[in-house]
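Observations on the model geometry
Residues per chain, in single letters:
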Amino acid sequence: MFEHEDLNQRKLDALEASYAIIEFGIDGTIIRANALFQDLMGYSEAELIGRSHAMFVPRRDTKMAAYRFHWERLARGETISGEFRRVKKSGEICWIHGSYSPVRDANGKTERVLKVASNVTWKKRRDADFAGQIAAIRASQAVVEFDCDGNILYANRNYQNLTGYSISELKGTPHSRLCPPHMTATPDYRMFWDSLRSGSSASLLCERIGASGQTIWMLASYNPVRDENGGVKKIVKFAIDQTEAVLDHQRVRYMSQHDPLTHLYNRTGFDGLIEEALASASTGKRPALLLIDLDGFKQINDTYGHAAGDACLVTVASRLMRKAQHALGLARLGGDEFAVVFEAGHTQEAIEATAQDIITEVMIPFDWQGSLVRPGASIGIATGGTTASEIMRQADLALYKAKGAGRGQFRVYSVENETPEQELPLVGGASLAPHDMADLGAVPTTRQRTPLSSAS
């Protein structure tokens, strides 16, 4: 018996050393408080004994029916546990996680209440901070929640407004519903969701399709949420609308890479086309470049004015788009010079046929204020360069040959017909490109028209 009493005492001592403990009468009068409770609330034991539990409770809370009901339940023998807001001697608010446990007499009647408590103020402040942050995010950002299969569980008002779908239209539908179709069929899309299910988060700029078919760009963060066992139970996505920013970027990029008159690529865009074509070329296969210079363009400007010249450029651009639909891209390099870039893999015959079609199409007269204007075109073709500058130089030399052969023709570059640089005259102290020299009538008379070889 004595051993049992000793064990019970040691248990009580352990609790006293670990928890703030206070005892009350059934009317809430303080009977005892241990040192940890005194330290927690800032009172000495002498300041506590005989006073009411209400001294720790905010004044307005003591006037509520819930407070009276709290003590009625304890008097009936019910145990009450929870987190409670309390007031220290200093007036500072603290939060206590406590358990009020009725102590019964030999007849089973509650004679006092024992409260075991711990200070959880730090936890409440942390949780309040987290809750405030989440509330701020939910108020300012679009939020959507998915189950681990990617089905929508919840979407806040911001997300509904952004996508144009109501919560009833979204709930239960898959994430893929708002994605462009070409995206969801890729292995990357499946790997993306596998990664989220495994617990990895992801941040990305993503393209989505709204209820009316409009493109939406979101800066999104996908965050797996774990359950008490550490497993992923859902994924929460926070998103900010970036549609206008992306469209602005696209507009600026478009303007930096396109000619404002013809809407073809400009020289900057052309450089990118050549590099792309070279990067995708396989061993033994090279991209092709058609360098096009308009014949008689200066006369059109001189005769009909620069407005007619602009109309001529726009007309030629539209005709190039019709006749070179399979090209990687078309560019206006400046003035009356155009370029067509083909990826590697097109046959020589197809390239030459396209060049001839372009020449024929460009020569068709167009109407300018009641007058028929007939432009023309000469084309230089390069199909073997390994660098952008080499391809451009070869096409330029081939264009010079076409100009020298009487114009309205195309020529394919071959090393046998390369013109040494020393033969190019200087105008105003600067060396001219070969086709510019031809426009000035400076084609050497000793050079003959170059026939296409079978290798061309």
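Thresholds applied
- Think of each chain on its own: its residues are numbered from 1, step by step along the sequence as written.
- Whole-chain, interface and lining totals are the exception, using all residues; otherwise, since this is a predicted model, local features are given only for residues with pLDDT of at least 70 and side-chain atom pairs are given and counted only at 80 or more.
- Water and hydrogen atoms play no part in the side-chain values, which are based on all heavy atoms of the structure.
- Secondary structure counts use DSSP, requiring at least four H or I residues in a row for a helix and at least two E residues in a row for a strand, with both numbered from the N terminus.
- Two residues qualify as a contact provided that any one of their heavy atoms is within 4.5 Å of a heavy atom in the partner residue.
- All accessibility values rest on the Shrake-Rupley procedure with a 1.4 Å probe; residue burial counts only the protein chains present in the view.
- Each axis is a line fitted through C-alpha atoms, and for a helix only the stretch in contact is used; angles between axes span 0 to 180 degrees, taken between their N-to-C directions.
- Orientation labels follow simple angle bins: below 35 degrees gives roughly parallel, above 145 gives roughly antiparallel, 65 to 115 gives roughly perpendicular, and whatever is left gives oblique.
- In this classification, the charged set is Asp, Glu, Lys and Arg, the nonpolar set is Ala, Val, Leu, Ile, Met, Phe, Trp, Tyr, Cys and Pro, and all remaining amino acids, among them Gly, are polar.
- Here a patch means residues that are over 30% exposed by relative accessible area and free of salt bridges, tied together within 9 Å if like-charged and within 5 Å if nonpolar (Val, Leu, Ile, Met, Phe, Trp, Tyr).
- Whenever a carboxyl oxygen of Asp or Glu lies within 4 Å of a side-chain nitrogen of Lys or Arg, that contact is scored as a salt bridge.
- Each residue gets one of three labels from its accessible area relative to the maximum for its type: buried under 20%, exposed over 50%, partly exposed in between, using a 1.4 Å probe on protein chains only.
- Here Asp and Glu are counted as negative and Lys and Arg as positive; His is not counted, and neither are the chain ends.
- Two N or O atoms form a polar contact when they lie within 3.5 Å of each other; inside protein one atom must be a possible hydrogen donor and the other a possible acceptor, and for residues adjacent in sequence the pair counts only when both atoms belong to side chains.
- By this definition, two strands are paired if DSSP reports at least two bridges between them.

**With respect to the overall build of the protein chain**
When its secondary structure is counted, the protein chain shows 17 helices and 19 strands. Restricting to contacts in the protein chain with at least 6 residues of sequence separation, those with at least 24 account for 52%. On the protein chain, roughly 24,500 Å² of surface is accessible, and the fraction owed to carbon and sulfur atoms is 53%.

**Observations regarding the packing of helix H12 (residues 267–280) against helix H16 (residues 388–404)**
Between H12 and H16, the shortest axis-to-axis distance is 10 Å and the interhelical angle comes to 110 degrees. On the basis of the axis angle, H12 is roughly perpendicular to H16. Taking contact as the criterion, the partners of Arg267, Phe270, Ile274, Glu275 and Leu278 in H12 are, on H16, Ala388, Ile391 and Met392. Residue classes in the contact of H12 with H16 are distributed as six nonpolar, no polar and two charged.

**Comments concerning a nonpolar patch on the surface**
The grouping of Leu12, Leu15 and Tyr19 at the surface amounts to a nonpolar patch, some 260 Å² of accessible area in total. Position of Leu12 relative to the elements: it lies in helix H1 (residues 2–18).

**Focus on the environment of Cys94**
Considering the arrangement of structural elements, one finds Cys94 in strand E4 (residues 93–104). Dropping the residues within four chain positions of it, Cys94 is found in contact with Met41, Phe84, Arg85, Arg86, Lys88 and Thr121.

**A few points about the side chain of Arg208**
Assignment of secondary structure puts Arg208 in strand E8 (residues 202–209). Despite its burial, Arg208 pairs with no opposite charge, the nearest such side chain being Glu207 at 7.2 Å. For Arg208, the side chain forms a polar contact with the side chain of Tyr222, separated by 3.0 Å. Contact partners of Arg208, with chain neighbours within four places excluded, come to His175, Leu178, Cys179, Pro180, Met183, Gln214, Thr215, Ile216, Met218, Tyr222 and Lys237.

**A word on unusual backbone geometry**
Here His263, not a glycine, exhibits a phi torsion of approximately 65 degrees, which is positive. Topologically, His263 is positioned in the loop between helix H11 (243–257) and H12. The backbone phi angle of Gln369 is positive, close to 50 degrees, even though this residue is not glycine. Relative to the helices and strands, Gln369 resides in the loop between strand E14 (366–368) and strand E15 (371–373).

**With respect to the sheet that holds strand E17 (residues 410–412)**
Sheet architecture is open: five strands sit in the order E12-E13-E11-E16-E17, paired in mixed fashion. A strand with exactly one partner marks an edge of an open sheet, and here the two such strands are strand E12 (329–334) and E17. With strand direction ignored, the average angle separating the axes of adjacent strands in the sheet is 20 degrees. Of the strand pairs in this sheet, E12 and strand E13 (residues 337–342) are connected by five bridges, and their pairing is antiparallel. Bridged to Ala331 within E13 is Ala339.

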